[in-house]
Amino acid sequence: MDYGTFRGLYTLLLIAIMVGIIVWAYSKRRKTSFDEAANLVFADDEPSGADKKNAGAKP
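Anyway, here's the lowdown on the structure attached to this text. All figures in this text were calculated on a predicted structure; none of them were measured in a lab.

**Looking at the packing of aromatic side chains**
In step 1: Tallied over the entire structure, the rule returns 2 aromatic pairs.
In step 2: For the pair Trp24 and Phe34, a centre-to-centre distance of 5.5 Å together with 85° between the ring planes defines the contact as edge-to-face. Highlighted residues: Trp24 in helix α1 (residues 3–25) and Phe34 in helix α2 (residues 28–38), separated in sequence by 10 residues.
In step 3: A relative accessible area of 33% places Phe34 in the partly exposed class.
In step 4: Taking NZ or CZ as reference, Arg30 lies 5.2 Å from the ring centre of Phe34, over its face.

The rules behind the values
All residue numbers here refer to positions counted from 1 along the written sequence of the relevant chain. A pLDDT threshold of at least 70 governs which residues receive local features in this predicted model, and a stricter bar of 80 or more applies before side-chain atom pairs are shown or counted, although totals over entire chains, interfaces and linings include all residues. Side-chain calculation: all heavy atoms of the structure are included, whereas hydrogens and water are not. Note on aromatic pairs: the rings of Phe, Tyr and Trp (six-membered ring only in Trp) are paired at centre separations within 6.5 Å, and the planes decide the class, stacked below 30 degrees, edge-to-face beyond 60, tilted for the rest. The helix count covers DSSP runs of H or I at least four residues long, the strand count covers runs of E at least two residues long, and both are numbered beginning at the N terminus. Throughout, exposure labels follow a simple rule: accessible area from a 1.4 Å probe, protein chains only, divided by the maximum for the residue type, with under 20% read as buried, over 50% as exposed, and the rest as partly exposed. The criterion is that NZ of a Lys, or CZ of an Arg, lies within 6 Å of the ring centre and within 35 degrees of the ring normal, and then a charge sits over that ring.

Right, dumping it as structure tokens:
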């Protein structure tokens, strides 16, 4: 097996992995978990005790 054949097979392997990741990311089974992860930024968390004490302090 020469170097050109190896590079071609390696390229095909990487393309197959990329297509697999794209199919996984856009599958309908993953949509709910990705939507939940996207909305974590907007979740309201109560500040901890240390944050409550320092909430009124000026820098």
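From this point, the discussion proceeds with the structure in view.
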